[in-house]
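Given next are the chains, with one letter for each unit.
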Amino acid sequence: MAADASFQLPLFPLQTVVFPRGLLSLKVFEPRYLDLVTDCLRQGTSFGAIALQSSAGSEAPSSARHGSGRLERVGVRAELIDADADTERPGVVHLRCRGTDRFEVLSCTTQADGLRVAEVKALPADDAKPPTGEFLDTVRALANAIASLKAQGTQPFLPPYQFDEAGWVANRWCELLPIPLAAKQRLMELPDPMIRLKLVDEFLRGKGVLG
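What follows concerns helix α5 (residues 193-206). Each α-helix winds once per 3.6 residues, and so residues spaced three or four apart point in a common direction. Helix length check: α5, at 14 residues, gives a terminal C-alpha distance of 20 Å against a target of 20 Å (1.5 Å per residue), a fit within 8%. Three or more residues of α5 are buried, namely P193, M194, R196, L197, V200, D201 and L204. Looking straight down α5, one finds its buried side chains confined to an arc of 155°; they lie on one side. Along its buried surface, α5 packs onto β5 (93-110), α2 (136-151), α3 (166-176) and α4 (181-189). The N-capping residue of α5, defined by a side-chain oxygen 2.8 Å from the backbone nitrogen of M194, is D192. At the exit of α5 stands G208, carrying a positive phi of roughly 80°.

Okay, here's the thing in C-alpha cells:
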C-alpha cells in the first residue's frame, strides 16, 4: 500500500483521546461493537479509536455506548491485546488495546447497525527525537510519576518505556494531565513531538510540578 493510500477502518467513538503507544481499556456490550471485536480477533485487524467532539455525546471513556455525536478529524488505530468476557455480566467483554498510528478521516458512513466506517489515510509517526536538555526535568518527573503509580498498584502505560523519545514522553504526560478533551486532541494531532513536549513542559511548570 502506498504511504498516502486510503483504506477503510471501523470506528470506535469515545469521549477520550487515545495516543500512539498508549493503553486503552474498554468495556464492550453493544452488539455492533461485539461484532467488531469478533471480526478484529478473527482477522487480526485493528479499529479506529476516535474522540467525539467535546460538545457532543455523553458516553463514558470506557463505554461503547454512543449516539450520533460528531467525531474529531484525527484518531489512532488500536490493536487488541486481550479480550475477556465478564463472568458476572453476560454479553459484556473487557478489552485491552494498544494505540498504534494516527489516521485522518476522509469520509465516513454509518452502517445499518449503527457502526461507523471511515475512509482514512495514515498520518506520519513521530520522528524518534530524543528530548533535549531543557526537558530533562520533564522526563525525570514522568519516571517518578510512573514509579509512584506502580507503588499504588497501577500500571497505566505499556512497556517498553521509551524515555529517550520526546514523542513517547509527551504522549504519556498528555494521558496523565488533567486537561480538557479538546486540548488533548490538539496535542495528539501535533506533527512535531518536540513542540508537543514543549507545551507539556510549559503546562507542568505553570502548575508548579517542575521547578
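Let us keep going from here.
In total, this model carries 1 cavity of 30 Å³ or more according to the counting rule given. In this structure, the largest cavity spans a volume of roughly 40 Å³. The wall of the largest cavity is formed by T16, V17, V18, A49, I50, A51, V74, G75, V76, Q185 and M188. Looking at the lining of the largest cavity, the elements with two or more residues in it are β3 (47-51), β4 (74-85) and α4. Class assignment for the residues of the lining of the largest cavity results in 8 nonpolar, 3 polar and no charged.

A residue-level look at the chain finds 91% of positions with pLDDT of 70 or above and a mean pLDDT of 91. Within the model, the stretch residues 56-67 combines pLDDT values under 50 with 40 contacts to residues more than four positions away or in other chains.

Moving on to unusual backbone geometry. P159 connects to P160 through a cis peptide bond whose omega is 0°. By the element assignment, P160 lies in the loop between α2 and α3. At R21, a residue that is not glycine, the phi angle is positive and equals roughly 65°. Along the polypeptide, R21 turns up in the loop between β1 (6-14) and β2 (23-28).

Turning next to the side chain of T138. Take T138: it is sitting in helix α2. Residue T138 is classed as buried on the basis of its relative accessible area of 0%. Within polar-contact distance, the side chain of T138 engages the side chain of D201 at 2.5 Å.

Our next topic: helix α1 (residues 31-43). Compared with an ideal rise of 1.5 Å per residue, which puts 13 residues at 18 Å, α1 spans 18 Å between its outermost C-alpha atoms and is within 8% of the ideal. Of the positions making up α1, those classed as buried are R32, Y33, L36, V37 and C40. Buried residues of α1, seen end-on, are gathered within an arc of 135° and therefore sit on one face of the element. Of the residues in α1, the exposed ones pointing more than 90 degrees away from the buried face are P31, L41 and R42. Of the surrounding elements, those touching the buried residues of α1 are β1, β2, β3, β4 and β5. Following α1 by one or two positions, G44 has its phi on the positive side, about 65°.

Our focus in this paragraph is the environment of E134. Tracing the backbone shows E134 in the loop between β6 (116-122) and α2. E134 gets classed as exposed once you look at its relative accessible area, which sits at 52%. Between the C-alpha atoms of E134 and K198, which are 64 residues apart in sequence, the distance is 9.1 Å. Contact partners of E134, with chain neighbours within four places excluded, come to D201 and R205.

What follows is about the nonpolar core. Buried together is how nonpolar side chains tend to be arranged in soluble globular proteins. With 46 residues, the main nonpolar core has F12, L26, F47, L95, C97 and W173 as its most contacted residues. Sorting elements by how many residues they give to this core places α3 first, with 6 residues. With residues up to four places along the chain from it excluded, the contact list for L95 reads L24, S25, L26, V28, V37, L80, D82 and A83. With 10 residues, the next largest nonpolar core counts L9, L71, F103 and V105 among its residues.

Cut-offs applied
- Residues numbered from 1 in each chain as written.
- Predicted model: local features only at pLDDT ≥ 70, side-chain atom pairs only at ≥ 80, totals over all residues.
- Heavy atoms only, no water.
- Helix = DSSP H or I, 4+ residues; strand = E, 2+ residues; numbered from the N terminus.
- Expected span 1.5 Å × (residues − 1).
- Buried < 20%, exposed > 50% of the residue type's maximum accessible area, 1.4 Å probe, protein only.
- Arc of directions from axis to C-beta.
- Contact = heavy atoms within 4.5 Å.
- Polar contact = N/O pair within 3.5 Å; in protein donor to acceptor, adjacent residues only side chain to side chain.
- 1 Å grid on protein atoms, 1.4 Å probe; cavity = no way out; pocket = protein on both sides within 12 Å on 5 of 7 lines; lining within 4 Å.
- Points joined across faces, edges and corners; volume = space filled by probe spheres on them.
- Nonpolar A, V, L, I, M, F, W, Y, C, P; charged D, E, K, R; others polar.
- pLDDT = per-residue confidence, 0-100.
- Core = buried A, V, L, I, M, F, W, Y, C linked by side-chain atoms within 4.5 Å.

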